[in-house]
Amino acid sequence: MASVAAVEGAAAALRSVLSRAQQAAVRAGRAPGSVRVVAVSKTKPVPVIRGVYDAGHRCFGENYVQELIDKAPQLPEDIEWHFIGNLQSNKAKALLAGVPNLDMVESVDDEKIANRLDRVVADLGRKPLKVLVQVNTSGEESKFGVDPSGCVELAKHVKLNCPNLVFSGLMTIGMLDYSSTPENFKTLSNCRKEVCKELSIPEEQCELSMGMSADFEQAIEMGSTNVRVGSTIFGAREYPKKN
């Protein structure tokens, strides 16, 4: 059972993160409300998430399909869930059927998963699903994501060939230590320029999801509109102990 201290600590940490995000946006010459903070709650118990919800937050992110399917029904329906982990095609239906208030999948990294999500949304008769194209900006083999050279084609595929998906922007994960470098952020920003030019859409309509606990302020200053903050809000992840 989550302690009162853990719940109160997460709520206080959220307020600090929101303040820091707003200040970073202002430093970059943007409106304070131009950044969405996704509170990444993976491995965290429902009562702690509920405490952050009760503090006024509505946008949460999870990395694992089953964990999100288990948690979502225990929490208010007005939460906007973001799925931010690698999504296998065979789990797309379970995710969308199990989480009716799934707002966005941030991790579309090839045409196969885009096509699968498009079909599942149609089959379930749910409203179009917002998606981000995940780009591997660090070049690490351990990272998922389309190569920067392929992001325009994948974005075009989503926009033109997946009528049940809403292409909403681009996402990247940082380096192996989950901090990123200005080069990674710059790469994603350049990808946005190319995608928006090709699709004839204004850049402000194309989100950039980059930056996590270690580097979200720098990411915002470099154009991020969506930051994924977990441990700074919730504390260290709590993985089951192995026997």
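An unreviewed UniProt entry annotates the protein chain as Pyridoxal phosphate homeostasis protein originating from Urochloa decumbens. Taken directly from UniProt, the Function (unreviewed entry) text for the protein chain runs: "Pyridoxal 5'-phosphate (PLP)-binding protein, which may be involved in intracellular homeostatic regulation of pyridoxal 5'-phosphate (PLP), the active form of vitamin B6." Here the protein chain is described in UniProt, under the heading Cofactor (unreviewed entry), as follows: "pyridoxal 5'-phosphate".

*Asks:* What exactly am I supposed to notice about the side chain of N226 here?
*Replies:* Looking at the secondary structure, you find N226 in strand β8 (residues 226-229). Within polar-contact distance, the side chain of N226 engages the side chain of R36 at 2.6 Å.

*Asks:* How should I be thinking about the pairing of strand β1 (residues 36-40) in this particular structure?
*Replies:* Each regular strand carries side chains that alternate between the two faces of the sheet. Taken across its five residues, β1 has four buried, putting it largely inside the fold. Here four bridges tie β1 to β8, and the two strands are oriented parallel to one another. Looking at β8, one finds that R36 is bridged to N226. In this sheet, strand β2 (residues 59-62) lies alongside β1 in parallel orientation, the contact comprising two bridges. By the bridge assignment for β2, A39 is matched with F60.

*Asks:* I would appreciate a short explanation of the side chain of R126 in the present structure.
*Replies:* One can find R126 in the loop between α5 (111-124) and β5 (129-134). The side chain of R126 is buried and forms no salt bridge, while D103, the nearest opposite charge, is found at 7.0 Å. If near-sequence neighbours (up to four positions away) are discounted, R126 is found in contact with L96, V99, P100, L102 and V121.

*Asks:* Would you take a moment to explain the packing of aromatic side chains for this structure?
*Replies:* For the coordinates displayed, the defined rule picks out one aromatic pair. An angle of 50° between the planes, with centres 6.0 Å apart, marks the rings of F60 and W81 as tilted. With a gap of 21 residues between them, F60 in strand β2 and W81 in strand β3 (residues 80-83) connect regions that are remote in the sequence. Each member of the pair, F60 together with W81, is buried. For R58, the ring lying beneath its charged end belongs to Y53, and the centroid distance is 3.6 Å.

*Asks:* Looking at this structure, I do not really get the pattern of salt bridges. What am I missing?
*Replies:* Side chains that differ in sign of charge can pair as their charged atoms come close. For the structure on display, the rule yields twelve salt bridges. The partner of E62 in a salt bridge is K71, and the shortest N-O contact between them spans 2.8 Å. For the pair E62 and K71, one class covers both residues: buried. Two residues, E140 and K143, come together in a salt bridge whose shortest N-O distance is 3.5 Å. The class for E140 is buried, based on a relative accessible area of 18%. When its relative accessible area of 12% is taken as the criterion, K143 is described as buried.

*Asks:* Can you walk me through the environment of G230 in this structure?
*Replies:* Residue position: G230 is located in the loop between β8 and α9 (231-234). In this structure G230 comes out as buried when scored by relative accessible area, which is 4%. In this structure, the C-alpha to C-alpha distance between G230 and K93, residues 137 residues apart in sequence, is 26 Å. Ignoring any residue separated from it by four or fewer positions in sequence, one finds G230 in contact with V40, S213, G235 and R237.

Cut-offs used in this document
Residues numbered from 1 in each chain as written. Predicted model: local features only at pLDDT ≥ 70, side-chain atom pairs only at ≥ 80, totals over all residues. Heavy atoms only, no water. UniProt positions renumbered as here; feature names shortened; annotations may be inferred. Helix = DSSP H or I, 4+ residues; strand = E, 2+ residues; numbered from the N terminus. Polar contact = N/O pair within 3.5 Å; in protein donor to acceptor, adjacent residues only side chain to side chain. Buried < 20%, exposed > 50% of the residue type's maximum accessible area, 1.4 Å probe, protein only. Pairing = 2+ DSSP bridges. Lys, Arg positive; Asp, Glu negative; His and termini not counted. Salt bridge = Lys/Arg side-chain N within 4 Å of Asp/Glu carboxyl O. Contact = heavy atoms within 4.5 Å. Phe/Tyr/Trp six-rings, centres within 6.5 Å; stacked < 30°, edge-to-face > 60°. Lys NZ or Arg CZ within 6 Å of the ring centre and 35° of its normal.

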